[in-house]
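Residue strings, one per chain:
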Amino acid sequence: MSVVITVAPTGPIATKADNPSLPTTPEEIAAAAEEAHRLGASVVHVHLRDEQQRPTADLGIARRAMELISERCPILIQLSTGVGLSVPFEGRERLVELRPRMATLNPCSMSFGEGEFRNPPAGVRRLAARMRELGVKPELEIYDTGHLDACLRLLDEGLLDEPLQFSMVLGVRGGMAATPDNLLTMVRRLPPGAIWQVIAVGRASLPLTAIGLALGGNARAGMEDTLHLGKGKLTDGNAPLVDRAVQLAHDLNLEVAGAEETEKLLQLPGGSGHKEGPGRRWDGRGRSTYLLLRYAVLVELAVLRS
Ligand code: KMH
Ligand code: ZN
């Protein structure tokens, strides 16, 4: 059984002032992607920054990052169309014209910390349609239960193709809290054959990623989601976080998919994707592992809250 590990090396929020190892230039992002690929990541989720480290949807910067990454290794590129709260939707959606293999699609507007994440319904439909035309696989970012319903409506309207690929984002202020119960609720509601991973921010990243893997999901790791390896311990790059996710998968007796296998598992358009295979499902064999993990997470969350 193989899982897909995605590295998210940069994100839209942190800067080098928060952690000097954060990769922000196309060169640094490409180097982080290559190292993550060497460790077992087969997808890189890319946010671009300008020279002042501000999030940007600049096509020149994005093109350069994509070229540098592809020159270094065969990791599959997923551009973020979330980009950053300060960048208007109309600029963000143009990124898919660069035809990355995948890009994120954020289906709904929401409060995001103290800011506002604008994803207007007409724009989301337009972007979904354009991604479909270009053969760019959307990864659907769902921060709350209603976001799943919005995605299912897009499917009904013919704007998405199955298998749907989801990121369950937990722990953003404005979205659902990072609790095992919320994750379970979402997993139970997924349509058959859906492919998914957990994105949990901050301290919840590790325990919820572990639960996600045990439940049949893929995993994401990187400095977009947490800048720390443990309490008070800054990570000195993306590599230790990716390494930890790979280790976690191996501890759960899961293989880590390479880029070619990932193309098939995710059934990416333009690839050699097989049609019959649904996403990895939890088949009951991991039940005791899962229950133990769940218990461990509940204890951990209780300790963190106290
Ligand atoms: N950092 C995520 C919680 C996207 O990439 O499309 C939000 C995000 C969305 O960055
Ligand atoms: Zn992102």
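Scroll up a little and you will see the structure.
All residue numbers refer to positions counted from 1 along the written sequence of the respective chain. Numbering of ligands from 1 and lettering of chains from A proceed in the order in which they are written. With pLDDT at 70 or above as the cut-off, local features in this predicted model cover only qualifying residues; side-chain atom pairs require 80 or more to be listed or tallied, and sums for whole chains, interfaces and linings still use all residues.

Trainee: Teacher, can you tell me more about the overall build of the protein chain here?
Mentor: The secondary structure listing takes helices from DSSP runs of H or I that are at least 4 residues long and strands from runs of E that are at least 2 residues long, numbered from the N terminus. A tally of regular secondary structure across the protein chain gives 10 helices and 16 strands. Any residue whose C-beta has 12 or fewer other C-beta atoms within 10 Å is treated as exposed, any with 20 or more as buried, and any in between as partly exposed, C-beta atoms being built from the backbone. Expressed as a percentage of the 306 residues in the protein chain, the buried residues total 49%. Of the contacts formed within the protein chain by residues at least 6 apart in sequence, a portion of 72% connects residues at least 24 apart. Two residues qualify as a contact pair if the distance between their C-beta atoms, derived from the backbone, is within 7 Å.

Trainee: Teacher, can you tell me more about the site of ligand 1 here?
Mentor: For each residue, a C-beta atom is positioned from the backbone; the residue is called near a molecule or strand if that atom sits within 6 Å of it. Residues in close proximity to ligand 1 include Gly-11, Pro-12, Ser-80, Thr-81, Gly-82, Thr-104, Asn-106, Glu-141, Val-169, Val-172, Ile-199 and Glu-224, which together make up its full environment. Broken down by class, the residue content of the shell around ligand 1 amounts to four nonpolar, six polar and two charged. Amino acid classes used here: Ala, Val, Leu, Ile, Met, Phe, Trp, Tyr, Cys and Pro are nonpolar; Asp, Glu, Lys and Arg are charged; the rest, including Gly, are polar.

Trainee: Is there a simple way to think about unusual backbone geometry in this case?
Mentor: Keep in mind that most residues, glycine aside, have a negative phi and that most peptide bonds are trans. For the peptide bond that leads from Glu-162 to Pro-163, omega is 0°, which places it in the cis range. By the secondary structure assignment, Pro-163 is in the loop between helix 5 (145–156) and strand 11 (165–170). The backbone of Arg-99 shows a phi angle near 55°, a positive value even though the residue is not glycine. Tracing the sequence through the fold places Arg-99 in the loop between helix 3 (89–93) and strand 7 (102–105).

Trainee: What exactly am I supposed to notice about the nonpolar core here?
Mentor: Soluble globular proteins: nonpolar side chains tend toward being buried together. Each nonpolar core reported here comprises buried Ala, Val, Leu, Ile, Met, Phe, Trp, Tyr and Cys residues connected via C-beta atoms within 7 Å. One finds Ile-5, Val-44, Met-168, Leu-170, Val-242 and Ala-249 to be the most contacted residues of the largest nonpolar core, which totals 85 residues. Residue contributions to this core peak at seven residues, all from helix 8 (residues 239–251). With near-sequence residues (within four places) excluded, Val-242 lies in contact with Ile-5, Val-7, Ala-36, Leu-39, Gly-40, Ala-41, Ala-221 and Gly-222.

Trainee: Help me understand the sheet that holds strand 6 (residues 76–79), please; the structure alone is not making it clear to me.
Mentor: Strand pairs in the sheet, formed through backbone hydrogen bonds, run parallel or antiparallel to each other. The strand order around the closed barrel formed by eight strands is 2-3-6-7-10-11-12-13, and the pairing between neighbours is parallel. Averaged over all neighbouring strand pairs, the angle between strand axes comes to 25°, with direction disregarded. DSSP calls a pair of strands paired once it identifies at least 2 bridges connecting them. Both strand 7 and strand 10 (residues 137–142) contribute to a ladder of four bridges, which runs parallel. Across the sheet, Thr-104 pairs through a bridge with Glu-139, a residue of strand 10. Its contacts with the sheet place helix 4 (residues 121–134) against strand 7 and strand 10, and it is angled at close to 165° to strand 7. Axis definition: a line fit to C-alpha positions, over the contact stretch in the case of helices; interaxial angles, taken between N-to-C directions, run 0 to 180 degrees.

Trainee: How should I be thinking about the packing of helix 7 (residues 205–214) against helix 8 in this particular structure?
Mentor: When two helices pack together, their arrangement is captured by the angle between the axes and the distance separating the axes. The N-to-C vectors of helix 7 and helix 8 enclose an angle of 40°; their axes lie 10 Å apart at closest approach. The orientation of helix 7 relative to helix 8 falls into the category oblique. In this structure, helix 7 meets helix 8 at a crossing whose hand is right-handed. The residues of helix 8 that touch helix 7, namely those facing Thr-209, Ala-210 and Leu-213, are Ala-245, Leu-248 and Ala-249. For classification purposes, an angle smaller than 35 degrees is called roughly parallel, one larger than 145 roughly antiparallel, one from 65 to 115 roughly perpendicular, and anything else oblique. In this scheme, a crossing is called left-handed if the near helix is turned counterclockwise away from the far one by less than a right angle; it is called right-handed if the turn is clockwise.

Trainee: Help me out: how do you make sense of the pairing of strand 7 in this one?
Mentor: As a general feature of sheets, a regular strand has side chains that alternate between the two faces. Here strand 7 shows a buried face lined by Met-102 and Thr-104 and a second buried face lined by Ala-103 and Leu-105. Relative to strand 7, strand 6 is paired through two bridges, and the arrangement is parallel. Along strand 7, the bridge assignment pairs Gln-78 with Met-102.

Trainee: I keep staring at helix 6 (residues 180–189) and nothing clicks. Help me out?
Mentor: Think of an α-helix as turning once every 3.6 residues; residues three or four places apart then point the same way. All buried positions along helix 6 are accounted for by Pro-180, Leu-183 and Met-186. Seen end-on, helix 6 carries its buried residues on one side only, within an arc spanning 130°. Within helix 6, the exposed residues directed more than 90 degrees away from the buried face are Asp-181 and Arg-188. Each C-beta atom gives one direction from the helix axis, and the arc is the one those directions make.

None of the figures reported here should be taken as evidence of function without further support.
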